[in-house]
Amino acid sequence: MQDTEINQEDLLHNNMANTIRFLSMDAVQKANSGHPGMPMGMADVATVLFSKFLNFDPKWPTWPNRDRFVLSAGHGSMLVYSLLHLTGYEHPTMDDLKNFRQLHSPTAGHPEFGECPGVETTTGPLGQGLATSVGMAIAERLANAEHGDDITNHFTYVIAGDGCLMEGVSQEAISLAGHLKLSKLIVLWDDNSISIDGSTDLSTSEDMAMRFEAAGWHVQAVDGHDAEAIEVAIGLAQESDQPSMIACRTTIGFGAPNKQGTAATHGSPLGDAEIAAAREALGWEYAPFEIPADVLKAWRDVGAKGAKKSGNWKKKFDGLDEFVKADFERRLNKDLPKGFASAINDYKAKLAAEPVKVATRKASQMALEVINGVVPETIGGSADLTGSNLTKTSQTKPVSADDFTGRYMYYGIREFEMCAAMNGIALYNQHIPYGGTFLVFTDYARPAIRLAALMKQRSIYVMTHDSIGLGEDGPTHQPIEHLASLRAMPNLNVFRPCDAIETAECWQLALEAKETPSVLSLTRQNLAQQRLVHSEENLCAKGGYVLHEATGGAPKAVIIATGSEVEIAAAARETLEAAGIPTRVVSMPSTELFDAQDRAYKASVLPADALKVSIEAACTFGWERYTGLDGVTIGINSFGASAPAEALYEHFGITTDAVVAAVREKL
């Protein structure tokens, strides 16, 4: 009797796993595009995880205390799409699965956050799912420290492949997670030894278990097709006081008799003949996209279990203090505290009354001192440049493995992981992450910034030392093309404020942008305050505005400047006005927000009949949109040099005299 029960259980597991396999191979075949091998290989692991461990509720996909599941190996997207459909999520429907990789279908080639409920983060760029999941695990501990086990206490599970672990960001992620002892993070490694080029021994020979152990992880190895062994391993991982990695030895393309275990199953459809052979080999008698009723019921029962758990959680949540509940829900909605806007306005009024000459990185810290006092959910940090980025304030004590009540992350020299972790924190929806490094090092972090923009997440990047103004560190550290490159990215706001008031306004805009990440480009050098009259209106909200108006008539020249070059433009205006040339200065802290204004406003700021000159200590690419063919763009279209800032500005012609000469020559 016992053997019969065991056999029945094994049979049900096999059928549930095979449903994933055949949905995956059929969808890829119909699309004539995709990666069937990974879902086929990890179907057993995923079946055990979802049926035995994962806490989730398809009817409440955003249940705050759900376990997070991240498919870091996003090319195997049919794995998660199959699981979501089988367990009863609203999407993907069967039609969605049949329209895998088609235009306007939520079943994109790689999982995209916001398309299907249950997809916790966009993955596909290998390693980033793992890196982002570290941020989710950090966010879980932060929320737990704030609200306790009854409200926040869950796991984050990751399926990662060989490619994820080859990517450099994986080492940053593994190292940080081990350092913080993120014991609620469990990584299931699809150890199939195959990449697109062939066997992984073509390109790697490291001992992955030792790598994780060296970083402070709990490590196990199992047969990824042995359901009982997988279950035992996940149970042990849950009990560990370290983050866990389970190496699941699998056969890529499991069940395809002629192609399994080879690169032929990795990134191409199997072909009708091989799929037919797989059906025969696995005893699957059903047509493409057909799911046996008893197997579908078993999967739907797995999904239905979550309703009781989420319901019990809701009762506990409803019993909380009204203020705590309201604050929790405010954060989930990405709303800011009611006193935020007035606090910023009061701070601006104080600056107007008592002007300061400080670097905008210092102005940022001053603004953060106000912000962090009224917005309790901000989580700051820096990639080992806290004293340079000035991202720490009096309210932000450090986060550590032993204490997650802090609000400041020491990310170490891990720029990519910092920004990926910030995405995970932002996705968790309980905190607003900001993190700092030098602007030039956005090169290290750009893939994570891009995903933040793609996922519409409010991550805020405090990027200081933003030009040749950083001086003696030289061209390796002096950004030239970076502003233009970041401005080219869709759904990313790039702010380059000129003084303390603009810096406060740009911070306000970054925090109010619920679905757009922001870069704050900030100076090392001190800048004179340009705004001396208080305005309750956030003038930076329009991206560009008239800072200093021409006198004596309509402007004949308009100087457009950002950041540290605004004071140069202001000085040039004084010289030109003295010479009888009516000159306007336009500060343009955000080209993205200016471009979003209507034609009439843009024409009022940049009149067609005036000579337009732009000045920015960066490459001139893109400024011709504002100056026109007859205008002048002043900038730096070569790499910088090592010297004091003043000498560099003179050497590269980023000077008042250069602006004055350009205007006089043209007029």
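The rules we used
Residues numbered from 1 in each chain as written. Predicted model: local features only at pLDDT ≥ 70, side-chain atom pairs only at ≥ 80, totals over all residues. Heavy atoms only, no water. Helix = DSSP H or I, 4+ residues; strand = E, 2+ residues; numbered from the N terminus. Rg over C-alpha atoms; globule rule 2.2 N^0.38 Å. Contact = heavy atoms within 4.5 Å. Areas by Shrake-Rupley, 256 points an atom, 1.4 Å probe, with all protein chains shown as cover. Lys, Arg positive; Asp, Glu negative; His and termini not counted. Charge placed at Lys NZ, Arg CZ, Asp CG, Glu CD. Pairing = 2+ DSSP bridges. Axes fitted to C-alpha atoms, helices over the stretch in contact; angles between N-to-C directions. Polar contact = N/O pair within 3.5 Å; in protein donor to acceptor, adjacent residues only side chain to side chain. Buried < 20%, exposed > 50% of the residue type's maximum accessible area, 1.4 Å probe, protein only. Left-handed = near helix turned anticlockwise from the far one by under 90°. Nonpolar A, V, L, I, M, F, W, Y, C, P; charged D, E, K, R; others polar. Parallel < 35°, antiparallel > 145°, perpendicular 65-115°, else oblique. Salt bridge = Lys/Arg side-chain N within 4 Å of Asp/Glu carboxyl O. Expected span 1.5 Å × (residues − 1). Bend = angle between axes of the 7 residues up to and from the residue. Phe/Tyr/Trp six-rings, centres within 6.5 Å; stacked < 30°, edge-to-face > 60°. Lys NZ or Arg CZ within 6 Å of the ring centre and 35° of its normal.

**Student:** So, the overall build of the chain: which residues are in play, and what are the values?
**Tutor:** Helix and strand counts for the chain stand at 25 helices and 20 strands. In terms of C-alpha radius of gyration, the chain reaches 28 Å, essentially the compact-globule figure of 26 Å for 667 residues. Overall, the chain is about 100 × 55 × 45 Å in size when its C-alpha atoms are taken along their principal axes. Sequence-distant contacts in the chain: of pairs separated by 6 or more residues, those separated by 24 or more amount to 78%. For the chain, the computed accessible surface area is about 25,200 Å², with 51% contributed by carbon and sulfur atoms. Looking at charge distribution, the chain has the averaged site of its 56 positive side-chain charges lying 6 Å from that of its 84 negative ones.

**Student:** I'd love a proper account of the sheet that holds strand 12 (residues 460-464), names of residues and values included.
**Tutor:** The pairing of strands in a sheet comes from backbone hydrogen bonds and takes either a parallel or an antiparallel form. Reading across the sheet, the six strands line up as 10-9-11-12-14-13 and stay open at both edges, with parallel pairing between neighbours. Looking along the sheet, the strands with just one partner apiece sit at the ends: strand 10 (408-410) and strand 13 (493-495). Strand-to-strand twist of the sheet, defined as the mean angle between neighbouring strand axes without regard to direction, takes the value 20°. Of the strand pairs in this sheet, strand 12 and strand 14 (residues 518-521) are connected by four bridges, and their pairing is parallel. Pairing of Tyr461 across the sheet is with Val519, part of strand 14.

**Student:** How would you summarise the side chain of His266 if you had to cite specific residues and measurements?
**Tutor:** Topologically, His266 is positioned in the loop between strand 7 (244-249) and helix 10 (272-282). Sequence-distant contacts of His266, that is, excluding residues within four places in its chain, are made with Gly34, His35, Pro36, Gly37, His75, Ile194, Ser195, Ile196 and Ile252.

**Student:** Pulling in residues and values, what's your account of the environment of Ser193?
**Tutor:** Its location among the elements puts Ser193 in the loop between strand 3 (185-191) and strand 4 (194-195). Linking Ser193 and Ile252, residues 59 residues apart in sequence, is a C-alpha distance of 8.5 Å. Within the structure, Ser193 has its side chain in polar contact with the side chain of Arg249 (distance 2.9 Å).

**Student:** I'd like a rundown of the pairing of strand 17 (residues 557-561), residues and numbers included.
**Tutor:** Counted residue by residue, strand 17 has five buried out of five residues, so it is predominantly covered. Residues Ala557, Ile559 and Ala561 of strand 17 are buried on one face, and the alternating residues Val558 and Ile560, pointing to the opposite face, are buried as well. Pairing of strand 17 with strand 18 (residues 583-587), which is carried by five bridges, proceeds in the parallel orientation. Paired with Val558 across the bridge in strand 18 is Arg584.

**Student:** An account of the sheet that holds strand 1 (residues 68-71) is needed here, citing residue identities and associated values.
**Tutor:** Sheet architecture is open: five strands sit in the order 1-2-3-7-6, paired in parallel fashion. Strands with a single pairing partner mark the edges of an open sheet, and in this sheet they are strand 1 and strand 6 (218-223). Adjacent strand axes in the sheet meet at a mean angle of 20°, parallel and antiparallel pairs treated alike.

**Student:** How would you summarise unusual backbone geometry if you had to cite specific residues and measurements?
**Tutor:** With omega at 5°, the peptide bond leading from His91 into Pro92 counts as cis. Within the fold, Pro92 resides in the loop between helix 3 (77-87) and helix 4 (94-98). Unusually for a residue other than glycine, His104 sits at a positive phi of about 70°. With respect to the secondary-structure elements, His104 resides in the loop between helix 4 and helix 5 (128-147). Backbone geometry at Phe289 places phi at a positive 70°, although glycine is not the residue there. Inspection of the secondary structure puts Phe289 in the loop between helix 10 and helix 11 (293-318).

**Student:** Report on the packing of helix 13 (residues 340-353) against helix 14 (residues 360-374), specifying residues and quantitative values.
**Tutor:** Packing of helix 13 against helix 14 leaves a shortest axis separation of 10 Å and a crossing angle of 145°. As helix 13 runs across helix 14, the sense of the crossing is right-handed. In this structure, helix 13 uses Phe340, Ala343, Ile344, Tyr347 and Leu351 to contact helix 14, whose residues at the interface are Ala363, Met366, Ala367, Val370, Ile371 and Val374. Per-class residue counts for the contact of helix 13 with helix 14 are eleven nonpolar, no polar and no charged.

**Student:** Provide a residue-level description of the packing of helix 2 (residues 37-53) against helix 3, including the pertinent values.
**Tutor:** Helix packing for two helices is described by the angle between their axes and how far apart those axes are. Contact geometry of helix 2 with helix 3 gives a least axis separation of 10 Å together with a crossing angle of 40°. Compared by their axis directions, helix 2 and helix 3 come out oblique. The hand of the helix 2/helix 3 crossing is right-handed. Counting all contacts with helix 2, which are made through Met38, Pro39, Met42, Ala43, Ala46 and Phe50, the residues of helix 3 involved are Met78, Leu79, Leu83 and Thr87.

**Student:** Give a description of the pattern of salt bridges that names residues and reports values.
**Tutor:** Taken as a whole and judged by the stated rule, the model has 24 salt bridges. Residue Asp327 is joined to Arg331 by a salt bridge in which the shortest nitrogen-to-oxygen separation is 3.1 Å. Note that Asp327 and Arg331 are positioned in helix 12 (residues 322-332) at a spacing of four residues, about one turn of the helix. Neither residue differs from the other here; Asp327 and Arg331 are each classed as buried. Of the charged contacts, one joins Lys514 and Asp335 as a salt bridge, the two residues approaching to 2.5 Å between their closest N and O atoms. Taken together, the positions of Lys514 in the loop between helix 19 (500-512) and strand 14 and Asp335 in the loop between helix 12 and helix 13 put the pair 179 residues apart, joining distant regions of the chain. Relative accessible area serves as the criterion here: at 29%, Asp335 is assigned to the partly exposed category. Members of the salt-bridge network, linked through shared partners, are Glu146, Asp327, Arg330, Arg331 and Glu377.

**Student:** Explain helix 17 (residues 442-455) to me, and be specific about the residues and the numbers.
**Tutor:** Along an α-helix, residues three or four positions apart point the same way, because every turn accommodates 3.6 residues. Relative to the 20 Å expected for 14 residues at 1.5 Å per residue, helix 17 spans 18 Å between its end C-alpha atoms, a close match to the ideal helical length. Of all bends in helix 17, the biggest is about 35°, found at Ala448. Inspection of helix 17 places Thr442, Ala445, Ala448, Ile449, Leu451, Ala452, Ala453 and Met455 among the buried residues, and these make up the whole buried set. Next to the buried residues of helix 17 lie helix 5, helix 16 (415-428), strand 11 (432-438), strand 12 and helix 18 (482-487). A positive phi of about 60° marks Lys456, the residue just after helix 17.

**Student:** Explain the environment of Ala645 to me, and be specific about the residues and the numbers.
**Tutor:** Tracing the sequence through the fold places Ala645 in helix 24 (residues 645-651). Apart from residues lying up to four places away in sequence, Ala645 is in contact with Ile468, Gly469 and Gly471.

**Student:** Outline the packing of aromatic side chains, listing residues and values.
**Tutor:** Counted according to the given criterion, the structure contains 19 aromatic pairs. A ring pair is formed by Trp60 and Trp313, whose centres lie 5.8 Å apart and whose planes are at 65°; its orientation type is edge-to-face. Placement of the pair is Trp60 in the loop between helix 2 and strand 1 and Trp313 in helix 11, with a sequence separation of 253 residues. For Trp60, a relative accessible area of 26% puts it in the partly exposed group. One aromatic cluster in this structure is built from Phe50, Phe56, Phe69 and Tyr89. Directly above the ring of Phe155 sits Lys184, whose terminal nitrogen or CZ lies 4.0 Å from the centroid. It is Lys392 that lies over the ring of Tyr408; its NZ or CZ is 5.7 Å from the centre.

None of this, on its own, says anything about what the molecule does.
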